[in-house]
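A look at the structure
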Amino acid sequence: YDPVRQTSVLFGGTTGSQILGDTWEWDGTAWNERQVTGPSNRRGAPMAFDTVRQTIVLFGGNDIPGGNFGTMFNDTWDWNGTTWIQRLAAGPMIPRHSCGLSFDNQRNVLVLFGGDQGGDQTISDTWELINQDSDGDGVPDSEDKCPTTTVPNGPLVINGCETGIDYYLFDSHLHNLSGLYIT
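Here goes a summary of the coordinates provided.

Rules used in this analysis
Residues numbered from 1 in each chain as written. Predicted model: local features only at pLDDT ≥ 70, side-chain atom pairs only at ≥ 80, totals over all residues. Heavy atoms only, no water. Helix = DSSP H or I, 4+ residues; strand = E, 2+ residues; numbered from the N terminus. Buried < 20%, exposed > 50% of the residue type's maximum accessible area, 1.4 Å probe, protein only. Pairing = 2+ DSSP bridges. Axes fitted to C-alpha atoms, helices over the stretch in contact; angles between N-to-C directions. Patch = residues over 30% accessible without salt bridge, like charges linked within 9 Å, V, L, I, M, F, W, Y side chains within 5 Å. Areas by Shrake-Rupley, 256 points an atom, 1.4 Å probe, with all protein chains shown as cover. Salt bridge = Lys/Arg side-chain N within 4 Å of Asp/Glu carboxyl O. Core = buried A, V, L, I, M, F, W, Y, C linked by side-chain atoms within 4.5 Å.

**Remarks on the environment of R53**
Along the polypeptide, R53 turns up in the loop between β4 (47–50) and β5 (55–62). Take R53: its relative accessible area is 31%, and that puts it in the partly exposed class. Sequence separation of R53 and N108 is 55 residues, and the distance between their C-alpha atoms is 9.8 Å.

Shown next as structure tokens:
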């Protein structure tokens, strides 16, 4: 959700057999397709609002319509309400999809957690957009997007994730300056 423009933004996804690359905005009344160029067609790419730069940030995803083969992405894009702009981020980010991405309002950084690097190989690392590896101490593997939220003037909260077929976690983790803690 983009609180400045008061719109929800949707990019890409899948119909089950086709990977999409379209951009849509919901203004509370209607969906409006934005006819723009930007990231390649993909699914499983998380997005979050960066309150410092006031843009929606999209990371990674894949172009695999239901199998384990295809292209995995590790690129970063900004949506400013008009244009997609590719960001250059230094660091050895592993291409992934279905990860959690949220903005930490306490420290003014985007935090990326976990995901799937293809072939059902889950990742449980934690990154900040500036590519400082928090190494995710004690955080379980996550395959699908982990719901995340921030507490005003508080830590980033990462809630339970899917860890594989029919296995779910119902735990929470608090991310603050000292790292991740299981709660």
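**Focus: the sheet that holds strand β7 (residues 84–87)**
Two pairing modes exist for strands in a sheet, parallel and antiparallel, and in both the strands are linked by backbone hydrogen bonds. With antiparallel pairing, the four strands of this open sheet are ordered in space as β4-β5-β6-β7. Where the open sheet ends on each side, the last strands, each with one partner, are β4 and β7. Within the sheet, the average angular offset between the axes of one strand and its neighbour, ignoring direction, is 30 degrees. Where strand β6 (residues 72–79) lies against β7, four bridges are found, and the strand directions are antiparallel.

**Points about a nonpolar patch on the surface**
A cluster of nonpolar residues, L10, W26 and W31, forms a patch on the protein surface that exposes about 290 Å² of accessible area. You can see L10 is positioned in strand β1 (residues 8–14).

**Overview of the nonpolar core**
If you look at the biggest cluster of nonpolar residues, it comprises 10 residues: A48, V57, F59, M93, C99, L101, F103, L110, L112 and W127. Elements with a minimum of two residues in this core: β5, β8 (100–104) and β9 (109–116). Of all hydrophobic cores here, the second largest spans nine residues; its members include V9, I56, W79 and W84.

**Quick look at the sheet that holds strand β2 (residues 19–26)**
A sheet is described by the order of its strands in space; here three strands give the open sequence β1-β2-β3, paired in antiparallel fashion. Every other strand in the sheet has two partners, leaving β1 and β3 (31–34) as the edge strands with one partner each. The sheet shows a mean angle of 35 degrees between the axes of neighbouring strands, taken without regard to direction. In the sheet, β2 pairs with β3 via four bridges, with the strands oriented antiparallel. By the bridge assignment for β3, W26 is matched with W31.

**A few points about unusual backbone geometry**
Positive phi, close to 55 degrees, is recorded for Q54, a residue that is not glycine. Looking at where Q54 falls in the secondary structure, it is placed in the loop between β4 and β5. Note on Q54: relative accessible area 37%, which makes it partly exposed. With a phi angle near 55 degrees, S98 is a residue other than glycine that sits in the positive phi range. Judged by its relative accessible area of 11%, S98 falls in the buried class.

**Concerning the pairing of β6**
In terms of residue burial, β6 counts as a mostly covered element, since seven of its eight residues are buried. Pairing between β5 and β6: six bridges, direction antiparallel. Bridge pairing in β6 places F59 opposite T76. Taken together, β6 and the strand that follows it, β7, pair antiparallel across an intervening segment of four residues, in which G81 is found at a positive phi of about 100 degrees.

**Some details on the pattern of salt bridges**
This model, assessed by the stated rule, comprises nine salt bridges. Of the charged contacts, one joins D75 and R42 as a salt bridge, the two residues approaching to 2.7 Å between their closest N and O atoms. Of this pair, D75 sits in strand β6 while R42 sits in the loop between β3 and β4, and the two are 33 residues apart along the sequence. Notably, a salt bridge pairs D50 with R53, separated by 3.2 Å at the nearest N-O pair. Salt bridges sharing common partners tie together D50, R53, D78 and R87.

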